[in-house]
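Okay, here's what each chain looks like letter by letter:
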Amino acid sequence: SQELEQSPQSLIVQEGKNLTINCTSSKTLYGLYWYKQKYGEGLIFLMMLQKGGEEKSHEKITAKLDEKKQQSSLHITASQPSHAGIYLCGADLGDYKLSFGAGTTVTVRA
Amino acid sequence: NAGVTQTPKFQVLKTGQSMTLQCAQDMNHEYMSWYRQDPGMGLRLIHYSVGAGITDQGEVPNGYNVSRSTTEDFPLRLLSAAPSQTSVYFCASRAPFGGPSGELFFGEGSRLTVL
């Protein structure tokens, strides 16, 4: 079992529409990472959140960490074909291990 | 800037063979780790190290050994490969503990097939 639960497992979005991916843990998240991966390729760092209530944005992608530091969301505004891929959340759960969720596969349809 | 370097990128083994996946980083990172990625399962932690001479098990350590004799290198050894170890392996490192955690840097991955 994985300590980070990502939802949904996969989603299909029409180009131009928004989408949200969630990452949840029963433990405190001391450092929360979001990565993107194109199929068969390496991992691209998107952003890292550390403080409760923190929010970061890069281009059309916004990530938030809730006040309790147990849930994070990744929001993409006006999705484009370049946003297609697998999104992975990873976290430092306070035991020196950096664990990852199972990933969310995003498909963007024209 | 080399960052995290993994070798080999591709490898085919027969069941029972042994091999070592190499990982090196040039950022003086204390934390290094190995993950395997299988379809639908994200990244699963195999072993990790918080400094030279210190290693510990992750979520799926069986069948793998690691050692950390230097800060730069963190090799992953498969002593007797099994088909269940067919996967893509990623090595990662990050800045020292005690300060800002910082980005986790990944290698490009090593695709291993065990026949």
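Parameters and conventions
- Residues numbered from 1 in each chain as written.
- Chains lettered and ligands numbered in written order.
- Predicted model: local features only at pLDDT ≥ 70, side-chain atom pairs only at ≥ 80, totals over all residues.
- Heavy atoms only, no water.
- Helix = DSSP H or I, 4+ residues; strand = E, 2+ residues; numbered from the N terminus.
- Buried < 20%, exposed > 50% of the residue type's maximum accessible area, 1.4 Å probe, protein only.
- Contact = heavy atoms within 4.5 Å.
- Pairing = 2+ DSSP bridges.
- Axes fitted to C-alpha atoms, helices over the stretch in contact; angles between N-to-C directions.
- 1 Å grid on protein atoms, 1.4 Å probe; cavity = no way out; pocket = protein on both sides within 12 Å on 5 of 7 lines; lining within 4 Å.
- Points joined across faces, edges and corners; volume = space filled by probe spheres on them.
- Buried area = accessible area lost by both parts, 1.4 Å probe.
- Salt bridge = Lys/Arg side-chain N within 4 Å of Asp/Glu carboxyl O.
- Disulfide = S-S within 2.5 Å.

**Structural notes on unusual backbone geometry**
Going from Ser7 of chain A to Pro8 of chain A, the amide bond is cis rather than trans, its omega being -5 degrees. Considering the arrangement of structural elements, one finds Pro8 of chain A in the loop between strand 1 (5-7) and strand 2 (10-14). Omega for the bond connecting Thr7 of chain B with Pro8 of chain B falls within 30 degrees of zero, at -5 degrees, which places this linkage in the cis form. Assignment of secondary structure puts Pro8 of chain B in the loop between strand 1 (4-7) and strand 2 (10-13). A positive phi angle is found at Ala78 of chain A, which is not glycine, with a value near 50 degrees. Its place among the elements puts Ala78 of chain A in the loop between strand 8 (71-76) and strand 9 (85-92). The partly exposed category is assigned to Ala78 of chain A, whose relative accessible area is 24%.

**Comments concerning the environment of Ala81 of chain B**
Residues and elements named next belong to chain B. Relative to the elements of secondary structure, Ala81 occurs in the loop between strand 8 (76-78) and strand 9 (87-94). Among the residues examined, Ala81 registers a relative accessible area of 2% and is labelled buried. Note: C-alpha distance between Ala81 and Thr15 (66 residues apart in sequence) is 5.2 Å. Not counting chain neighbours up to four residues away, the residues in contact with Ala81 comprise Leu13, Lys14, Thr15, Gly16, Gln17 and Val114.

**With respect to the sheet that holds strand 8 of chain A**
All names here are of chain A. With respect to topology, five strands assemble into an open sheet ordered 1-3-8-7-6, the strand pairing being antiparallel. The open sheet has two free edges, formed respectively by strand 1 and strand 6 (55-58), since each of these has just one partner strand. Between one strand and the next, the sheet's axes are offset by a mean angle of 15 degrees, whatever the strand orientation.

**With respect to the sheet that holds strand 3 (residues 19-25) of chain B**
All names here are of chain B. The four strands are arranged 1-3-8-7 in an open sheet whose pairing can be described as antiparallel. This sheet does not close on itself; its edge strands, each paired only once, are strand 1 and strand 7 (64-66). Averaged over all adjacent pairs, the angle separating strand axes in this sheet is 20 degrees, with direction ignored. Note: strand 3 against strand 8, three bridges, orientation antiparallel. Opposite Met19, over in strand 8, you have Leu78 as the bridge partner.

**Observations concerning the layout of surface pockets**
Reported here for the largest pocket is a volume of approximately 580 Å³. Mapped by element, the contributors of at least two residues to the lining of the largest pocket are strand 11 (104-109) of chain A together with strand 9 and strand 11 (110-114) of chain B.

**A short note on the interface of chain A and chain B**
Every contact between the two is made by 21 residues of chain A and, on the other side, 25 residues of chain B. Roughly 1,800 Å² is buried in total at the junction of chain A and chain B, and carbon and sulfur atoms are behind 56% of that figure. On inspection of chain A and its partner chain B, the count reaches one salt bridge. Put simply, Arg94 of chain B and Asp92 of chain A hold a salt bridge, and the shortest N to O gap is 3.1 Å.

**Considering the pairing of strand 5 (residues 43-51) of chain B**
Residue and element names in this part refer to chain B. Of all nine residues in strand 5, eight are buried; the element is thus mostly enclosed. The pairing of strand 4 (residues 31-37) with strand 5 spans six bridges and is classified as antiparallel. Across the sheet, the residue bridging to Arg36 is Arg44, located in strand 5. Where strand 5 lies against strand 6 (residues 54-57), three bridges are found, and the strand directions are antiparallel. Across the sheet, residue Tyr48 finds its bridge partner in strand 6, namely Asp56. Connecting strand 5 to the antiparallel partner strand 6 that follows it, the hairpin turn spans two residues, and Gly53 within it adopts a positive phi of roughly 85 degrees.

**Re the state of the cysteines**
Per the counting criterion, the structure on display carries two disulfides over all chains. In this model Cys23 of chain A forms its disulfide with Cys89 of chain A; the gap between the sulfur atoms is 2.1 Å. On the S-S bond that ties Cys23 of chain A to Cys89 of chain A, the torsion sits near 70 degrees, and the link is right-handed. In this pair, Cys23 of chain A sits in strand 3 (residues 19-24) while Cys89 of chain A sits in strand 9, placing the two residues 66 residues apart along the sequence. Of the two residues, Cys23 of chain A and Cys89 of chain A, both sit in the buried class. Covalently, Cys23 of chain B is tied to Cys91 of chain B through a disulfide, its sulfur atoms 1.8 Å apart. The disulfide joining Cys23 of chain B to Cys91 of chain B has a torsion of about -75 degrees about its S-S bond and is therefore left-handed. On the criterion of sequence distance, the pair formed by Cys23 of chain B in strand 3 and Cys91 of chain B in strand 9 is long-range, its members being 68 residues apart. We note that Cys23 of chain B, like Cys91 of chain B, is buried.

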